[in-house]
Amino acid sequence: MKENSDMENSLLCHDRVVSLSRCADKNDADLLPNTGYRKESSEAACLNMMRCLSTTLSPESVLVQFELEMKRHFPICNVSFRNSKHILTNQRGVPGIFSMEIELIDDEHIYGCLMLEFEWVLSPVKKRLVNQLTQMLTFPLKNAVAFQEMKQLALTDSLTGLPNRNSFENAFQQLMARYQSKGIGKRFSLLILDLDDFKRINDKHGHQTGDLVLSCFADVLRSCCNKTAEAFRFGGDEFTVLVHAEGEDLPHLLSSRIRLAVANNSSLVQYGINCSIGYSSYQPGDSLYSLFERADNALLQIREGR
Ligand SMILES: Nc1nc2c(ncn2[C@@H]2O[C@H](COP(=O)(O)OP(=O)(O)OP(=O)(O)O)[C@@H](O)[C@H]2O)c(=O)[nH]1
């Protein structure tokens, strides 16, 4: 069998694929003289790959770890994965001169396809090793994608598609941490929105119509929010918006925009839908409870004042 110390080549050595991986340890027994590379059997490479891929549950991180691990063996440029639901890519805009498309097979079904671009043309032996290492990706990637989907479900309201109460509480904690670390003066606001007399819709038109009205209201709310305002379904006919930009009159402006959008939406108008909105701005020392309580009191005052 042919064996040389050319770093670009994997070697077919005693019928086993042997790749060259970068090695920082100068005393490594398998270090090839004056190269900084060591020989590694494909079994060892696969084991390494499996070990490194099993440590994360984020699909993007799985792909990045895969890429890093592949880089030990191959001059790789771009890695991307796609299946019917997902496209993950680390495309850097520098195309490789040689590409391979490898199907990831799971229980005899094709789970997705991995596109790899390399800086150099690969020898047949190297292609074999790429295939072998790529198949290692199937299970961790599938696992990570399933985990992400479950996480997404747990944080999303299934009727309206808006982030749910759990999401709202997470977002609040994140905002509070961010604003606290930037010091006093950085504020954000909370809007609480409650549909007026919504029970009447269910009682008069049925639960399905009630669902449609809630979805329609959520769409209107979404359309009024921008990058600095995020809407949530808090529960039932109650919604919240976190406004994470400074500006004292922002909550007021957003409330007016939402009320106008509701009044101009024919689907909501036909059911006589109105909403009450109360808001409060974050003050240093506030908890979610105190901020929520102030916004809720403001909402009650608006209702009592009518
Ligand atoms: N269709 C539908 N109804 C829901 C859903 N979640 C909660 N509800 C109903 O929403 C209604 C909320 O009633 P209330 O809390 O009294 O609110 P309201 O009728 O708007 O009264 P005010 O807030 O005082 O104006 C209840 O009848 C719930 O059954 C849902 O997902 N779909």
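Residues numbered from 1 in each chain as written. Predicted model: local features only at pLDDT ≥ 70, side-chain atom pairs only at ≥ 80, totals over all residues. Heavy atoms only, no water.

This part is about the sheet that holds strand β7 (residues 109–118). Strand order across the open sheet formed by 4 strands is β5-β4-β7-β6, with antiparallel pairing between neighbours. The open sheet has two edge strands, β5 (87–89) and β6 (98–106), and neither has a second partner. Adjacent strand axes in the sheet meet at a mean angle of 20°, parallel and antiparallel pairs treated alike. Of the pairings in the sheet, the one linking strand β4 (residues 76–82) to β7 comprises 6 bridges and is antiparallel in character. Its bridge partner lying in β7, Ile76 is registered against Phe118. Where helix α3 (residues 124–135) meets the sheet, it contacts β6 and β7, and its direction lies at approximately 40° from that of β6. On top of the sheet, helix α4 (residues 138–155) reaches β4, β5, β6 and β7; it is set at about 70° to β6, its chief contact. (Pairing = 2+ DSSP bridges. Helix = DSSP H or I, 4+ residues; strand = E, 2+ residues; numbered from the N terminus. Axes fitted to C-alpha atoms, helices over the stretch in contact; angles between N-to-C directions. Contact = heavy atoms within 4.5 Å.)

Attention now moves to the environment of Met70. Within the fold, Met70 resides in helix α2 (residues 59–71). Setting aside chain neighbours within four positions, we find Met70 in contact with Met49, Ile76, Leu116, Val130, Leu133 and Thr134.

Contacts to the ligand come from 16 residues, most closely from Asp197, Phe198, Lys199, Asp211 and Asp237. Between the ligand and Asp211 there is a distance of 2.7 Å, counted from a nitrogen atom to a side-chain nitrogen or oxygen. Note that an oxygen atom of the ligand is positioned 2.7 Å from one of the side-chain N or O atoms of Asp237. Burial of the ligand by the protein amounts to 62% of the accessible area it has alone, namely 660 Å². Those elements that place two or more of their residues in the shell around the ligand are β8 (189–195), α6 (199–205) and α7 (207–224). Counting residues per element, the shell around the ligand draws most heavily on α7, which supplies 4 residues. Classifying every residue of the shell around the ligand by side-chain character gives 4 nonpolar, 4 polar and 8 charged. (Near = heavy atom within 4 Å. Polar contact = N/O pair within 3.5 Å; in protein donor to acceptor, adjacent residues only side chain to side chain. Areas by Shrake-Rupley, 256 points an atom, 1.4 Å probe, with all protein chains shown as cover. Nonpolar A, V, L, I, M, F, W, Y, C, P; charged D, E, K, R; others polar.)

As a further point, take the nonpolar core. One finds Phe66, Met70, Leu114, Leu116, Phe118, Val130 and Leu137 to be the most contacted residues of the largest nonpolar core, which totals 31 residues. For this core, the elements supplying multiple residues, two or more each, are α1 (42–53), α2, β4, β6, β7, α3 and α4. The biggest single contributor to this core is α1, with 5 residues. (Core = buried A, V, L, I, M, F, W, Y, C linked by side-chain atoms within 4.5 Å. Buried < 20%, exposed > 50% of the residue type's maximum accessible area, 1.4 Å probe, protein only.)

Attention now moves to unusual backbone geometry. The phi dihedral of Asp107 is positive, around 50°, even though this residue is not glycine. Along the chain, the position of Asp107 falls in the loop between β6 and β7. Phi is positive for Asp197, close to 55°, though the residue is something other than glycine. Turning to its location among the elements, Asp197 is positioned in the loop between β8 and α6.

A few words now on the pairing of strand β10 (residues 238–243). The buried fraction of β10 amounts to 6 of the 6 residues, a majority that puts the element mostly inside the structure. Side chains Glu238, Thr240 and Leu242 of β10 all project onto a buried face; the interleaved residues Phe239, Val241 and Val243 project onto the opposite face, where all are buried too. Here 6 bridges tie β8 to β10, and the two strands are oriented antiparallel to one another. Along β10, the bridge assignment pairs Leu191 with Val241.

On to the packing of α1 against α2, then. Orientation of α1 relative to α2, taken along the N-to-C sense of each, is 155°, at an axis distance of 9 Å. Taken together, the axes of α1 and α2 are roughly antiparallel relative to one another. Pair α1 / α2 crosses with right-handed handedness. Between α1 and α2, the contacting residues are Asn48, Met49, Cys52 and Leu53 on the first element and Val62, Gln65, Phe66, Glu69 and Met70 on the second. (Parallel < 35°, antiparallel > 145°, perpendicular 65-115°, else oblique. Left-handed = near helix turned anticlockwise from the far one by under 90°.)

Our next topic: the pattern of salt bridges. Summed over the entire model, instances satisfying the criterion amount to 12 salt bridges. For Glu101, the salt bridge goes to Arg82, with nearest N and O atoms at 3.2 Å. Remark: Arg82 occurs in strand β4 and Glu101 occurs in strand β6; sequence separation between them is 19 residues. According to the relative accessible area criterion, Glu101 is partly exposed, its value standing at 48%. Across the pair Glu149 and Lys85 runs a salt bridge, and its minimum N-O distance is 3.5 Å. Pair noted here: Glu149 is in helix α4 and Lys85 is in the loop between β4 and β5, with a separation of 64 residues, a long-range link. Residue classification places Glu149 among the partly exposed residues on the basis of a relative accessible area of 29%. (Salt bridge = Lys/Arg side-chain N within 4 Å of Asp/Glu carboxyl O.)

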